[in-house]
Every structure is written in structure tokens, then in C-alpha cells.
Amino acid sequence: MVIDLKTRVIQCLTCNVPGAAFLRVMYLVSGDYIVIGPDHFENPHISRERDNELWFLSKQPGSKPVKLQQKMNEGAALSKKSMQIAFSQTALQAPDLAPEASRLIVADVDLAAATPPLVNKKTVYESMDRSCTIEAQDFYDNDRKLTFTCYQPEGGASVMGIDLQTNQVTNFSKAPGSYNEVEGIFPDGLYTAVEADRQCEDLGGTRGAGNIDIWKLKLDGMGKDFSRLTHFNDYEGGKASNPVISTDGRFMAFQTARTSDPAGVGYGILLYHLQP
């Protein structure tokens, strides 16, 4: 779906696809879309995990999604400056991987072809075990760097970044035993939004992906400059999630949900006016 923020008119992009089960839609710099999901719905786990794949959707009215022939894990990162894309895979989508391994891949969407393929695919980082299950998030620093999440055993997660020139990886959150899932990046590339459970230190409650609010983290590698943006988790059963920062840095869109909801479920879109 696409909503016009001035008129509140909602447009359905995939209602011409019977039985569509797409979980994500993202803008390419060309104005076209990448949509993510299975080619048919089987059940919530198989369809979201094993059968999850990338599709290209033209911005031309009435277009239907076209498979990019690429299975992938969870969400993708799309450049705001080029046709570059990043995504991850686990053994569920790539049987050549070891059972608990995952990898981070960058590629380009080639619009010159009649059916846009992915070209220049390159694995830039690989995790060999459950200590880090990878999900790509955002390019920054003129596409020279990329943020991603490392999901960890026992419900933890860390905000990570990779320098695509040197392949050097940095843990930006530096908070073992807590949940820090990187989300939308600020346009200066100096800060990112994070779904985090840091408020549990003061409020109590179970740490992990349930009790989260949105925080802002400075990407300086120190892991200390965290500031809280939302306070939905101050109230039992409430959380805020899935923040997206506007390209001009003026707004953050996010959703409210219940702590018991699966990741991605929400009950409306809210706009947060950031300081100029």
C-alpha cells in the first residue's frame, strides 16, 4: 500500500495479484518498488522464512510484481542514491549454507533488462553460527557503508555496520544481553533509529523483541549515545516499532502495537515530527 500524507488517500499496489502475501514494499531510487514475500501463502512461518523472496514492481500503473529469482531473509536495504540493494540469507533460503549460518549480500538491480535481474552479486559478510543471524537494513555514507542487525541467541540483537570498502564490521550498540534492532537511518548517516528494550532497565519486564520502544543511536562505535524517542512501552502491553526516517530528516513514521504481537504487526501509522 501507499498513502498520500497530504490527502490520506491510500493506493493498493498489489491488489491485482490474487492471493498476494507480500510483507514489505520499498522504494528504489528510480521510483519503482521492491516487494518482498512468497509467491503463495502456505503458513506464517514457511511463507515468511523459507519462501521469502525479492520481486520488482514497476511504478507504471497496473504493473504486477516480477520475481527477481532471489530467496532472502526478512527485509532488504535499498540505496537512496543508486540501484544497489543488500539482503541476507540463512540456510532456510540457501541450502548451501551450514544449518546455523547466514550471509550478507550486495547486488544491483539492472533496469536495462526487460525483466530486471540482480547483477554484480557479492557476499560481503558471513556468520558461521547462531551468534549472529543477519538482516540487512540501510546504506549510508554514499553507499560505502551498510547497517545490519545481528540477531543473537536468547532474544538478543545488536546494531551492526560494515564498511563495504574494507569489510570491517562494527558493533554500534555494544549492549550484550539486550535487544537492539537497527531500523531507519537519519539522512546524515550519523544516527539511526533502533527498536530497543533499554527502558526495561528502569521499568522492568522481559528483555527482548516484545518490550521495545524506538531509540536514536549515534553511529560512533561507542554504544553510549542512545536517546529515547517513544514511550509506548511505559504502559503495560504497549510498544512502538518499525520506524522509517524521511529522506529530509524532518519526520519519522512508525507504528504502535501490542507487546504480544508478532514482529511487523501494527495498528496504524503515526508521524513523529523530529527537531529541525
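Use the structure listed above.
Now for a look at the structure at hand.

### Details of the sheet that holds strand E11 (residues 133-140)
Backbone-to-backbone hydrogen bonds join strands into a sheet, with any given pair of strands oriented parallel or antiparallel.
Alright, step 1. Read across the sheet, 4 strands follow the order E11-E12-E13-E14 without closing on themselves; strand pairing throughout is antiparallel. Either end of the sheet is taken by a strand with one partner, and the two such strands are E11 and strand E14 (169-171). Averaged over all pairs of adjacent strands, the angle between strand axes in this sheet comes to 30 degrees, irrespective of strand direction.
Alright, step 2. The sheet contact formed by strand E12 (residues 145-152) and strand E13 (residues 156-163) spans 8 bridges and is antiparallel. When the bridges of E13 are listed, tyrosine 151 appears paired with alanine 157.

### Examining the packing of aromatic side chains
Think of a pair of aromatic rings as described by two things: how far the centres are apart, and how the planes are tilted against each other in angle.
Alright, step 1. Per the stated rule, a full pass over the model turns up 5 aromatic pairs.
Alright, step 2. For the pair tyrosine 125 and phenylalanine 148, a centre-to-centre distance of 5.6 Å together with 45 degrees between the ring planes defines the contact as tilted. Linking tyrosine 125 in strand E10 (residues 118-127) with phenylalanine 148 in strand E12, this pair joins segments that are 23 residues apart in sequence.
Alright, step 3. Judged by relative accessible area, which is 24%, tyrosine 125 ranks as partly exposed.
Alright, step 4. Above the face of the phenylalanine 186 ring, lysine 216 is positioned so that its terminal group lies 4.6 Å from the ring centre.
Alright, step 5. Here the guanidinium or amino end of lysine 216 rests over the ring plane of tyrosine 191, the centre of that ring lying 4.6 Å away.

### Some words on the state of the cysteines
Alright, step 1. Under the criterion given, the structure shown has 2 disulfides.
Alright, step 2. Across the disulfide from cysteine 12 sits cysteine 15; the S-S distance is 2.0 Å. Its S-S torsion of about 95 degrees marks the bond between cysteine 12 and cysteine 15 as right-handed, since a negative value means left-handed.
Alright, step 3. On the accessibility criterion, cysteine 12 (28% relative accessible area) is partly exposed.
Alright, step 4. Judged by relative accessible area, which is 63%, cysteine 15 ranks as exposed.
Alright, step 5. In this model, cysteine 132 is linked to cysteine 150 through a disulfide, with the two sulfur atoms separated by 1.8 Å. With the S-S dihedral at roughly -70 degrees, the linkage between cysteine 132 and cysteine 150 falls on the left-handed side. Within this pair, whereas cysteine 132 is found in the loop between E10 and E11, its partner cysteine 150 is found in strand E12, the two being separated by 18 residues in sequence.
Alright, step 6. Of the residues examined, cysteine 132 reaches a relative accessible area of 6% and is grouped as buried.
Alright, step 7. Its relative accessible area of 3% is what places cysteine 150 among the buried residues.

Cut-offs used in this document
- Residue numbering note: each chain is counted from 1, following its sequence as written.
- Predicted model: local features are reported for residues with pLDDT of at least 70 only, side-chain atom pairs are reported and counted for 80 or more only, and whole-chain, interface and lining totals are derived from all residues.
- Here the side-chain values reflect all heavy atoms present in the structure, with hydrogen atoms and water set aside.
- Paired strands, in this sense, are two strands between which DSSP finds at least two bridges.
- For the purposes of this entry, the term helix denotes a DSSP run of H or I that reaches at least four residues, the term strand denotes a run of E that reaches at least two, and both are numbered from the N terminus.
- Note on definitions: angles span 0 to 180 degrees between N-to-C directions of axes, and those axes are lines fitted to C-alpha atoms, for helices only across the stretch in contact.
- Any two rings among Phe, Tyr and Trp, with Trp reduced to its six-membered ring, count as a pair given centres within 6.5 Å; such a pair is stacked if its planes are under 30 degrees apart, edge-to-face if over 60, and tilted if neither.
- The cut-offs for exposure are 20% and 50% of the maximum accessible area for each residue type, with area from a 1.4 Å probe on protein chains only; residues under the lower value are buried, those over the upper are exposed, and the others partly exposed.
- Only when the NZ atom of a Lys or the CZ atom of an Arg is both within 6 Å of the ring centre and within 35 degrees of the ring normal do we say a charge sits over the ring.
- Here, the term disulfide refers to a pair of cysteine sulfur atoms separated by no more than 2.5 Å.

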